[in-house]
Amino acid sequence: MTGLLGAALPAVPLLAGLTGLLLPPSPRGATTGEDRVRRAAIALGVTGAAGALLIALALLARVDDPVETSTTWIDLGGLRVTLGVRLDGAATLVAVAVAAVALAVQVYSTAYLKRGPHDDVEVDHRYPPYAAQISLFTAAMLLVVVAGDLVMLLVGWEVMGLCSYLLIAHDRRLPEAPAAAMKAFLVTRVGDVGFLLGIALLGVSAGSFRIADVLAHDHSTGVLTAACLLLLAGVAGKSAQFPLHTWLPDAMAGPTPISALIHAATMVAAGVYAVARLYPLFAATPTALAVLGVMASITLLLGAFAATAQDDLKRVLAWSTVSQIGYMTGALAVGAPAAALFHLLAHAAFKALLFLAAGAVIHAVGTTLMSRMGGLRRDMPVTFWCTLIGLGALAGVPPLSGFWSKDGVLAVAESAALDGAGPAPAWVGWLVWLVGLLGVVVTAWYATRLLLRTFLGEPRMPLRHPHDPPAAMRWPVLLLAVPAALLGLAAFLPPFADRLLAPATGTETDVELVHLGLALLLPTALLLVGALLAWAGWRRDPATDPARALGPLRPVFAAAFRLDDVQHALVVRPTTALAGVLRTGDEVVVDGAVEGTGRGAYGLGGGLAALHRAALPRAAAAVLAGAVLIGLAAVLIGGAP
């Protein structure tokens, strides 16, 4: 029964999504037909997500010890591909988070994709494919969560990439949406090439793609190191880690609920979860963990500093996601997959809350720019308090969820640095720990700035009359505020902690998920420093942006250290130039040789034809003369005695 429930978990939203794709787009204009199609799309989307959540909760109640079911799908000369599920406590918790966020997004979207107070579009006529694509997105992530075979995991991994492309480009009124979708698709495809090769190496080495077989096999050091490094390329793409992070902020061109889904529960979480799923392989590869630690540290600071100088509300949250994923990958680098998954769950709650609250603000005021907001606390009290909870959890304010999960990451990094604990070299622990502490200061600074610029001070758009969102948008935000505030306390409960600390990895025993002690004082003090610095800059002049304190660094941070320009100069331009050379070579050399041969043959034939036509009179005269001569000869010979 557990295996059937595990198989049904991705199947339910998949069926809802495929059925929804059969619905036609609603005709433009408010008609009865449009209402009927839209209602059907809403019913399918909400039912699929709700069904997935119910199944995930049932699995959470049933699964204590690891459960696995599989059947051989393909056997190619002893290389097996299987169909089946692999469930443990950590997988069920992640599945609940994915399904809960998906359900919140489906319900929220029913109101968000209607006409806002500053929108000329009455109803988004492309809502049916939008809802269906969310269902497919959810099914793909749930397939990654429960897959018992690397090939099945890869299928879910790639379907997510396709769905992200479609959903980011959903709003065709925005000229930047198609470009952002294409960028996300291509950048993640670069990493996915490595991910595919890594899976192929592991499967060929083990003789099977079944995850249990791959983990149990004694791989050679060279194969294991190469495979893990290749897998990290895919993780860097999907989880927006340096140097493949540049797609995520541009993906804000998609509808805000899609940003919540991508940042909280699907794409960016998939890379972290995949490493945690295969962690025994990485634990046996210090080189891969060292690379992961460096990648995590760079990404953590890069995202945090970039968030400090953004004026776009959604881009602040996007760069925040890049930074927070750095904490998760940093925890993996120092040997603590449980801490990484704990922060993944907390981040899913508070980041979904923040994006949906941001959507409520954008829906009310008609802009994403914080420079045009301000003073919204009085008009949008529900949104303000929910945003305050989300930002507090993001910054790590005790006792909110982010405080406990982020402290868990810092505690294991400190242990790896000072005690040499964990499979990675000690310097990786030092790097992740010190960078993580600096990230606490910067995160508190930009979270405080966002709150001050958006909700406090005087309104900078006095003609607007914002208000809290309608019920379909308000209730998902309110409900997400509960785990954003309280999920960290669940770590003190053995049923929750044991599910994360005892996954089917065998890498952690006698490890605490939360840490109480004097070590908590340092990140708390750093949090206060960051928040007070932002508040002091704003307090001196509430009309100015605290980011002015960054001085000449502000444009550098706003452009994320111009790494997009660097990629354009080092990758895009050379690739474009090489493509131009190859195209010219193909057209001039290859096509030229083929077409030149044809033209030469045609010309030669034409010349011979001309000569042939010009020689006809002479040939006819010669034939006639010959005939006369033959006739004369016959007469003469015939008349001789």
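The coordinates are above.
Let us look at the structure shown here. (Residues numbered from 1 in each chain as written. Predicted model: local features only at pLDDT ≥ 70, side-chain atom pairs only at ≥ 80, totals over all residues. Heavy atoms only, no water.)

## Here's the deal with the nonpolar core
Thought 1: Counting 204 residues, the largest nonpolar core has L9, W247, F282, L345, F496, L500 and L513 as the members making the most contacts within it.
Thought 2: The element best represented in this core is helix α15 (residues 337–365), accounting for 22 residues.
Thought 3: What F496 contacts, discounting residues up to four positions off in sequence, is L93, F342, L345, L487, A490, A491 and L513. (Core = buried A, V, L, I, M, F, W, Y, C linked by side-chain atoms within 4.5 Å. Buried < 20%, exposed > 50% of the residue type's maximum accessible area, 1.4 Å probe, protein only. Helix = DSSP H or I, 4+ residues; strand = E, 2+ residues; numbered from the N terminus. Contact = heavy atoms within 4.5 Å.)

## Observations regarding the pattern of salt bridges
Thought 1: With the rule as written, the count across this model stands at 17 salt bridges.
Thought 2: Between R499 and D64 there is a salt bridge, with its nearest N and O atoms 3.5 Å apart. Pair noted here: R499 is in helix α21 (residues 494–501) and D64 is in the loop between α2 (32–62) and β1 (67–76), with a separation of 435 residues, a long-range link.
Thought 3: For D64, a relative accessible area of 58% puts it in the exposed group.
Thought 4: In this structure, D250 engages K183 in a salt bridge whose closest nitrogen and oxygen atoms are separated by 2.6 Å. (Salt bridge = Lys/Arg side-chain N within 4 Å of Asp/Glu carboxyl O.)

## Things to note about the pairing of β1
As a general feature of sheets, a regular strand has side chains that alternate between the two faces.
Thought 1: For β1 and strand β2 (residues 79–87), the ladder comprises nine bridges, and the chain directions are antiparallel. The residue bridging T71 from the neighbouring strand is L83, located in β2.
Thought 2: Between the end of β1 and the start of β2, which pair antiparallel, lie two residues, with G77 showing a positive phi angle near 60°. (Pairing = 2+ DSSP bridges.)

## A few points about the environment of F384
Thought 1: Turning to its location among the elements, F384 is positioned in helix α17 (residues 381–395).
Thought 2: Residue F384 is classed as buried on the basis of its relative accessible area, which comes to 5%.
Thought 3: In sequence terms F384 and T454 are 70 residues apart; their C-alpha atoms lie 9.1 Å from each other.
Thought 4: Residues contacting F384, with those up to four places away along its chain left out, are R377, L451, F455 and L456.

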